[in-house]
Amino acid sequence: MNIFNIPRLPQKDSNRDSRKRILEESSKDFIYDDSAIQGVPISLKVPNVAKAGLGWSMTLVGEAYRNRRNWEDIDETQQYVFELPLPHKSTIEIATILAKQDLVGFQDYTSPERGVCINVKRPESFQTYYDLFHKYDIPEISLDESDDSFADYFVQGLNPVMIQSISTLKDNYNLSNDEVANHLLFEGDDLDSLLEDRRLFVVDYSALEGLESGHHPDQKKYIYSPIVYLAVDKNTESLEVLGVQTGQSNDYPIITNRDQKWDWFVAKMIARSADINYHEGITHLGLTHLLIDPVAVSTFKNLSKNHPLYVLLAPHFEGTLPINDLAVRRLISKGGIVEQLLAPNLDSLFDTISTARNSFSFRGNFLPKTFEARGVTGKSTLKNYAYRDDSLLIWNSIRTWVKSYIELYYKNEKDIQEDYELSNWVRDISSSEGGRVKDFTPKEGIQTFKVLEETLTMIIFTASAQHAAVNFPQEYASNMIYQPLAGYSPAPKTKGLSEQDVLDFLPPIDLAIKQLHILKLLGSSYYSVLGEYSLGTFNDKRVVPRLWNFQERLEKIEGKINNRNKTRRNEYKHLLPSKIPQSINI
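(A) A look at the overall build of the protein chain. In terms of helices and strands, the protein chain carries 21 helices and nine strands. Radius of gyration (C-alpha) of the protein chain: 25 Å, near the 25 Å computed for a compact globule of 586 residues. Looking at the 586 residues of the protein chain, the share that counts as buried comes to 60%. Restricting the contact set of the protein chain to residue pairs at least 6 apart, pairs at least 24 apart contribute 78%. Entry remark: accessible area of the protein chain is about 23,700 Å², with carbon and sulfur atoms responsible for 49%. Treating the 65 positive side-chain charges of the protein chain as one cloud and the 79 negative ones as another, the clouds have centres 8 Å apart.

(B) Representation of the side chain of Asn 345. Structurally, Asn 345 is set in the loop between helix H12 (337-341) and helix H13 (346-359). Taking the relative accessible area as the measure of exposure, Asn 345 reaches 18% and is therefore buried. A polar side-chain atom of Asn 345 sits 3.4 Å from the main-chain amide nitrogen of Asp 347. Filtering out sequence-adjacent residues up to four positions away, Asn 345 remains in contact with Glu 212, Ser 213 and Gly 214.

(C) How the structure looks around the side chain of Asn 471. In this fold, Asn 471 is placed in helix H18 (residues 449-471). The exposure class assigned to Asn 471 is buried, which follows from its relative accessible area of 0%. A polar side-chain atom of Asn 471 sits 2.9 Å from a polar atom in the side chain of Gln 474. Once you skip the residues sitting within four places of it in the chain, Asn 471 turns out to touch His 284, Leu 522, Gly 523 and Ile 586.

(D) Examining the sheet that holds strand E3 (residues 164-165) more closely. Overall, antiparallel pairing links the five strands, which are arranged E3-E4-E7-E8-E9 in an open sheet. Every interior strand has two partners, whereas the edge strands, E3 and strand E9 (254-255), have only one. Direction of pairing for E3 relative to strand E4 (residues 200-204): antiparallel, over a ladder of two bridges. Pairing of Gln 164 across the sheet is with Val 202, part of E4. With respect to the sheet, helix H6 (residues 147-156) is in contact with E4, strand E7 (227-232) and strand E8 (239-245), its orientation differing from that of E8 by roughly 90 degrees. Strand contacts of helix H9 (residues 261-302): E7, E8 and E9, with the helix running at about 95 degrees to E8, the strand carrying the most contacts.

(E) Here's a closer look at helix H1 (residues 16-27). When the terminal C-alpha atoms of H1 are compared, their 16 Å separation across twelve residues agrees well with the 16 Å that a helix rising 1.5 Å per residue should span. Taken together, the buried positions of H1 are occupied by Arg 19, Leu 23 and Ser 27. Each buried residue of H1 lies within a common arc of 60 degrees when the element is viewed along its axis, so the set occupies one face. Opposite the buried face of H1, by more than 90 degrees, sit the exposed residues Asp 17, Arg 21 and Ile 22.

(F) Expanded view of the pattern of salt bridges. A complete count under the given rule lists 35 salt bridges for this structure. Here Arg 19 makes a salt bridge to Glu 421, at a shortest N to O gap of 2.8 Å. Separated by 402 residues along the polypeptide, Arg 19 in helix H1 and Glu 421 in helix H17 (residues 420-430) bring together distant segments of the chain. You can call Arg 19 buried: its relative accessible area is 6%.

(G) Broad picture of unusual backbone geometry. A positive phi angle is found at Glu 237, which is not glycine, with a value near 60 degrees. Position of Glu 237 among the secondary structure elements: in the loop between E7 and E8. Taking relative accessible area as the criterion, Glu 237 reaches 40% and is therefore assigned partly exposed. Look at Ser 528: it is not a glycine, yet its phi comes out positive at around 80 degrees. Relative to the helices and strands, Ser 528 resides in the loop between helix H20 (509-524) and helix H21 (543-567). Look at Ser 528 and you get partly exposed, because its relative accessible area is 28%.

(H) Up close: the environment of Asp 293. Structurally, the position occupied by Asp 293 is in helix H9. Residue classification places Asp 293 among the buried residues on the basis of a relative accessible area of 1%. Sequence separation between Asp 293 and Phe 550 is 257 residues; the distance between their C-alpha atoms is 25 Å. Apart from residues lying up to four places away in sequence, Asp 293 is in contact with Ile 42, Ser 43, Leu 321 and Asn 324.

(I) Inspection of the pairing of E8 at higher detail. In terms of burial, E8 is a largely internal element, seven of the seven residues being buried. When E7 meets E8, the two strands line up antiparallel, connected through six bridges. Considered in E8, the bridge of Leu 230 is made with Val 241. Pairing analysis gives two bridges linking E8 to E9, with the strands arranged antiparallel. Paired with Gln 245 across the strands is Ile 254, a residue of E9.

So, how was this worked out
- Residues numbered from 1 in each chain as written.
- Predicted model: local features only at pLDDT ≥ 70, side-chain atom pairs only at ≥ 80, totals over all residues.
- Heavy atoms only, no water.
- Helix = DSSP H or I, 4+ residues; strand = E, 2+ residues; numbered from the N terminus.
- Rg over C-alpha atoms; globule rule 2.2 N^0.38 Å.
- Buried < 20%, exposed > 50% of the residue type's maximum accessible area, 1.4 Å probe, protein only.
- Contact = heavy atoms within 4.5 Å.
- Areas by Shrake-Rupley, 256 points an atom, 1.4 Å probe, with all protein chains shown as cover.
- Lys, Arg positive; Asp, Glu negative; His and termini not counted.
- Charge placed at Lys NZ, Arg CZ, Asp CG, Glu CD.
- Polar contact = N/O pair within 3.5 Å; in protein donor to acceptor, adjacent residues only side chain to side chain.
- Pairing = 2+ DSSP bridges.
- Axes fitted to C-alpha atoms, helices over the stretch in contact; angles between N-to-C directions.
- Expected span 1.5 Å × (residues − 1).
- Arc of directions from axis to C-beta.
- Salt bridge = Lys/Arg side-chain N within 4 Å of Asp/Glu carboxyl O.

Here it is as structure tokens:
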């Protein structure tokens, strides 16, 4: 063991002055900037130390090139005319872009801006959408999706963090005993019993109600704010859907599976459209990417490279600043892909993201606490909640790993309290001039093993498992019939919709292609695996058996989740440890 490579706490480092000078110099490269989304600090640039490895770039290049090949097949087989042609580049030009690792330039080549479709404004059938999938499989979601799958979506789908138990109905909740008594699975049950037994659950998108809708060049877009009612069958303990209220006011009807086919199809589509708009802005971008970015920045700024916490955390930030930089330049810029695809206009969306991100209580949202707050712990009547059950396995395993690691370096709590780099790190992340992460620590900072363990667990979990859970299901949403990123007709206030009415809700050709390409890219780009640290990450041999224990626990969790999936109505694979990257890198 080379003692000079062993991580050291700053107060125990004999080269303290040199360490301080090196850190002060390297920290100058990291600057917070809140101009991309007003009030939300992220890194102004991507310094060399924060750049990802070549493997990360090649992963994105490979998936992006499938977008290009799909575009070429669309042009070759379908007679669409766009405002702009598909750009062409020579082999040398492409090689130059790749040699420079110019991912923005490569994205402009593989997924170019082509304007609106001139000769076909709106698809005439569902098949028109399916015909856009040339180099990709169509996600296995049919027009005849089962009600079981729709109910399970809210506990193991794209955004499985919204469902909550209720014991009373709000004034604008139109749910009545009719929706319960007329449901085949709830014969002999009633609304009062559901409320009293805490078997009634809602997914309420009221947060979207005040957003201003955006526009496509050819037509207006609509954002929906429905209310989804679900209940647990007291006999089977399975979660079932009672109905969807298509808007927040009492003017909107509750549509159920007993209504005619296209009414029910639109109700489910509206719910999923609202869900993905909430998800993309808040759950995904706001509370993973934008939450972890300033933590990464502060780690690079305030912890020396031989600080034990830097060694532990740095792998969980690989690719985070580069992917966020790519998003700022290409996705969330004015007129960019996000503004084109999502339902709200950009200013309205950014206001919502900023409010959600800056009001998010870091400690108040430790994973177990989120389930308690929503009344959906394992002790609740909601017994089949795949995201909850699998995520807690990962959370607890990370915490055990963190605990075993930090005990190597902090021999007592005095060591924690005297770690001035740790104190600076906490101060910077919490500061209104720095990371602006609310409740990052208690008011006194990190003074105990418990608080240090909790803080590190939350960081690593969010950067790995939480992001995986809300990122990779986006692949299913590439099916724009199943989950349109915006609506193109207002939410219905009456029933009796036709198949043509359904088509009117769906996106025009140009945006359908964009949705397919961007969500396939985001949902298919896997780089790194949780627990598999690069060779040389830990030079301290004492870490090795502790890391092996972590990896062994993750293997057991993999087996446990696979066994759970054998008895679940629908499999949930997004929290299999083998499918969880180390960091937010896509």
